[in-house]
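Below, each chain spelled out in residue letters.
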Amino acid sequence: MPKSLIIKNKINKFKKIISVDGDKSISIRWVLLSSLAKGISKAKNLLVSEDVLAAIRAVKVLGIKSHLKKNNECIIYGKGIDGFKYKKGIKINAENSGTLGRLILGLLVNTPHPIKLVGDKSLSKRDFKRIADPLSKFGVKFKLKKNKNLPLTIMGTKNLKHIKYVENKGSAQCKSSVIFAGMRTNGISRIIAKKSRNHTELLSKYLNLPIKIKRAKKYDHITISKVNFIRPIKYNIPSDISSSAFFIVLTALSQNSELLIKNVNINPSRTGIITILRKMGVSIIFKNTKLYKGEKIADIQIKSSNKLKSINCPTKLNSGAIDEFLIIFLVAAKAKGVSTFKNLGELNQKESPRLKWGTYILDQIGIKTIATNDSIKIYGNPNLEIKKKIVIKNFLKDHRVFMTSVIAALSLGGHWKIHDKDSIQTSFPNFLKIVNQIKV
Ligand code: S3P
């Protein structure tokens, strides 16, 4: 039986300091790059969630050992850039993780034997052609279910050809996977990538890998050459802004409350939610800002707001807030006026079709929306108070649908039954623990 969560009461006003779990994007990149480093890599504050554990298991299948301690420290014993043991009949399970599934393919481009990549029900519905297409240009062969989905088989080659690739979706997963493949390829691979999170580039730069980035207004021009050596990576992983987002919004929507979230990654390619919420009238301040291995980190202070304004969201903010729109829609629901969000087709490519789920949740809480395949108009109601019973289920166990529903229940009221509590294990296992810390 799926475990569900019942919430019947709004949260009382609070003033708290919290820490949220480690950054998922950086944790997965740390695992993958450490697996090809020569020597012992160590991470502190690794996100110990199902997506990251799947990454650790994936590199184990390729012969890379690791040791995960109870305090979220992790050690990976990398064997160098050619250290993967490509045995016959390898199967890798990316489970729920698009990031793992897509990024690891970039590292597997030199496999001499076919490798099968599988995933869970949600990942098996997602688009892998977007990654098979550019990697095929290197000379890699793919077999995909229905030409698009998992399970897929990748057959690498020794004779990788460097490529030129234009990444048009603003997908960091596609960009990163091609960067990884470029690291295995003689010659210079060139990528023109629509702006998206740049953790792969920052980590590669920090490691002195042969990557160059020229920033233009909407696109980055990246070149990457063959990598011969990666040194071990000691990394103290900052907290995830995408996980922080749920508590930022909980505070924004609550009465007379205040929250400080410690040591969060505020890489500008990830702070779309901050820009959007500030425009909507939420007070958010960065404190103790510092640079760590190229990443910007700060404590985030949020105060609740009783004057939320609607937004006509500039589409240039989409990629920097791509995982946060469900929760941003809740703020729009409570804002004065009509908010508009456009060019969001990518949202329906996530763990569940999130634009549809966002619309559904808003409908359940009595908010009028007009949605298309890639846009939504939200008719906000500053007096929004939910009184009815709401059941949220069958959402493909999308962790962000679950957590958004919890925040809606705690901040807007109503009597909620939210299914698939375990979904938080994919990205934010401590989510409900932190909810309880804030409650007391
Ligand atoms: C991620 C990139 C984004 C994001 C995902 C994590 C990454 O996906 O939604 O949660 O770590 O590179 P896309 O690259 O598909 O936009």
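Residues numbered from 1 in each chain as written. Predicted model: local features only at pLDDT ≥ 70, side-chain atom pairs only at ≥ 80, totals over all residues. Heavy atoms only, no water.

An account of empty space enclosed by the protein is requested, with residue identities and associated values reported.
Considering all chains together, one arrives at one cavity of 30 Å³ or more under this definition. Put simply, the largest cavity is a space of about 50 Å³. I26, R29, W30, H199, L202, L203, Y235, K293 and E295 are the residues that line the largest cavity. At the level of elements, α1 (24-35) and α6 (199-206) are the ones that each hand at least two residues to the lining of the largest cavity. In the lining of the largest cavity, the residues fall into five nonpolar, one polar and three charged. (1 Å grid on protein atoms, 1.4 Å probe; cavity = no way out; pocket = protein on both sides within 12 Å on 5 of 7 lines; lining within 4 Å. Points joined across faces, edges and corners; volume = space filled by probe spheres on them. Helix = DSSP H or I, 4+ residues; strand = E, 2+ residues; numbered from the N terminus. Nonpolar A, V, L, I, M, F, W, Y, C, P; charged D, E, K, R; others polar.)

I'd like a description of the sheet that holds strand β10 (residues 164-167), backed by residues and values.
Across the sheet, which stays open at both edges, the four strands sit in the order β10-β11-β13-β12 with mixed pairing between neighbours. The open sheet has two edge strands, β10 and β12 (211-215), and neither has a second partner. The sheet shows a mean angle of 15 degrees between the axes of neighbouring strands, taken without regard to direction. One ladder, built from five bridges, connects β12 with strand β13 (residues 219-224); its direction is antiparallel. From the neighbouring strand, R215 faces β13, where its bridge partner is D220. (Pairing = 2+ DSSP bridges. Axes fitted to C-alpha atoms, helices over the stretch in contact; angles between N-to-C directions.)

Quick rundown of a positive patch on the surface? Include the residues and the values.
Together, K121, K125, K145, K146 and K397 make up a region of like positive charge exposed at the surface. Here K125 shows up in the loop between β7 (115-118) and α4 (129-137). (Patch = residues over 30% accessible without salt bridge, like charges linked within 9 Å, V, L, I, M, F, W, Y side chains within 5 Å. Areas by Shrake-Rupley, 256 points an atom, 1.4 Å probe, with all protein chains shown as cover. Salt bridge = Lys/Arg side-chain N within 4 Å of Asp/Glu carboxyl O. Lys, Arg positive; Asp, Glu negative; His and termini not counted. Charge placed at Lys NZ, Arg CZ, Asp CG, Glu CD.)

Tell me about the nonpolar core, and please be specific about residues and values.
Counting 79 residues, the largest nonpolar core has F247, F325, F329, F341, I365, F402 and F431 as its most contacted members. The contact partners of F325, leaving out residues within four places of it in the chain, are I276, C313, N318, F341, L344 and L347. In this structure, I28, I76, I211 and Y235 belong to the second largest nonpolar core, which totals 70 residues. (Core = buried A, V, L, I, M, F, W, Y, C linked by side-chain atoms within 4.5 Å. Buried < 20%, exposed > 50% of the residue type's maximum accessible area, 1.4 Å probe, protein only. Contact = heavy atoms within 4.5 Å.)

I'd like to hear about the site of the ligand, residue by residue, with values.
Every residue close to the ligand is listed here: S25, R29, T99, R102, S171, A172, Q173, R197, I322, D323 and K350. A distance of 2.9 Å separates an oxygen atom of the ligand from a polar backbone atom of A172. For the ligand, the accessible surface in isolation is 380 Å², of which the surrounding protein chains cover 96%. Listed by contribution, the elements that provide at least two residues to the shell around the ligand are α1, α3 (98-107) and α5 (172-183). Class assignment for the residues of the shell around the ligand results in two nonpolar, four polar and five charged. Summarising the domain contributions, the shell around the ligand has at least three residues from each of domain 1 (5-21 + 238-439) and domain 2 (24-236). (Near = heavy atom within 4 Å. Polar contact = N/O pair within 3.5 Å; in protein donor to acceptor, adjacent residues only side chain to side chain. Domains from an automatic or database assignment.)

Which residues make up the packing of aromatic side chains, and what values go with them?
For any pair of aromatic rings, the description rests on two quantities: the centre-to-centre distance and the angle between the ring planes. Enumeration according to the criterion identifies eleven aromatic pairs in this entry. Summarising the aromatic geometry, the rings of Y235 and Y292 are spaced 5.4 Å apart at their centres and angled 85 degrees between planes, so their arrangement reads as edge-to-face. Residue Y235 is located in strand β14 (residues 234-236), and its partner Y292 is located in strand β16 (residues 283-292); the two are separated by 57 residues in the primary sequence. Both rings, one in W357 and one in F395, keep their centres 6.0 Å apart while their planes meet at 80 degrees; by these two values the pair is edge-to-face. Highlighted residues: W357 in helix α10 (residues 354-364) and F395 in the loop between β21 (386-392) and α11 (399-412), separated in sequence by 38 residues. Like W357, the residue F395 is buried in the burial classification. Grouped by ring-pair contacts, the aromatic residues F246, F247, F428 and F431 constitute a single cluster. Of note, R102 hangs over the ring of F128, and the distance from its end group to the ring centre comes to 5.0 Å. For the cation-ring pair, K293 lies above Y235, with the distance from its terminal atom to the ring centre recorded as 6.0 Å. (Phe/Tyr/Trp six-rings, centres within 6.5 Å; stacked < 30°, edge-to-face > 60°. Lys NZ or Arg CZ within 6 Å of the ring centre and 35° of its normal.)

Report on helix α8 (residues 272-279), specifying residues and quantitative values.
Of the residues making up α8, those classed as buried are G272, I273, I274, I276 and L277. Of the surrounding elements, those touching the buried residues of α8 are α7 (241-253), β16, β17 (295-303) and α9 (325-334). One or two residues past the end of α8 sits G281, with phi positive at roughly 100 degrees.

Pulling in residues and values, what's your account of the pattern of salt bridges?
Applying the stated rule across the entire model yields 19 salt bridges. Where D51 meets K24, a salt bridge forms, and the shortest distance between an N and an O atom there is 3.4 Å. Residue D51 is found in helix α2 (residues 50-61), and its partner K24 is found in helix α1; the two are separated by 27 residues along the sequence. The burial state of D51 is the same as that of K24; both residues are buried.

Break down the layout of surface pockets for me, with residues and values.
Summary: where empty space remains is shown by rolling a probe the size of a single water molecule over the atoms. For the second largest pocket, the calculated volume is near 440 Å³. Lining the second largest pocket are 20 residues, with D120, L396, K397, D420 and S423 sitting closest to its centre. A per-class count over the lining of the second largest pocket returns four nonpolar, six polar and ten charged. Both domains that furnish three or more residues to the lining of the second largest pocket are identified here as domain 1 (5-21 + 238-439) and domain 2 (24-236).

Outline the domain arrangement of the chain, supporting the account with residue identities and numerical values.
Here the chain is described as being made up of domain 1 (5-21 + 238-439) and domain 2 (24-236). Distance between the C-alpha centres of domain 1 and domain 2: 29 Å. Between domain 1 and domain 2, a total of about 2400 Å² is buried, with carbon and sulfur atoms accounting for 47% of that surface. Across the contact surface, domain 1 and domain 2 share three salt bridges. The partner of R197 in a salt bridge is D323, with the nearest N and O atoms 3.1 Å apart. Across the contact surface, domain 1 and domain 2 share 16 residue pairs in polar contact (both at pLDDT 80 or more). Of the residues that constitute the side of domain 1 that touches domain 2, the class distribution is five nonpolar, eleven polar and ten charged. (Buried area = accessible area lost by both parts, 1.4 Å probe.)

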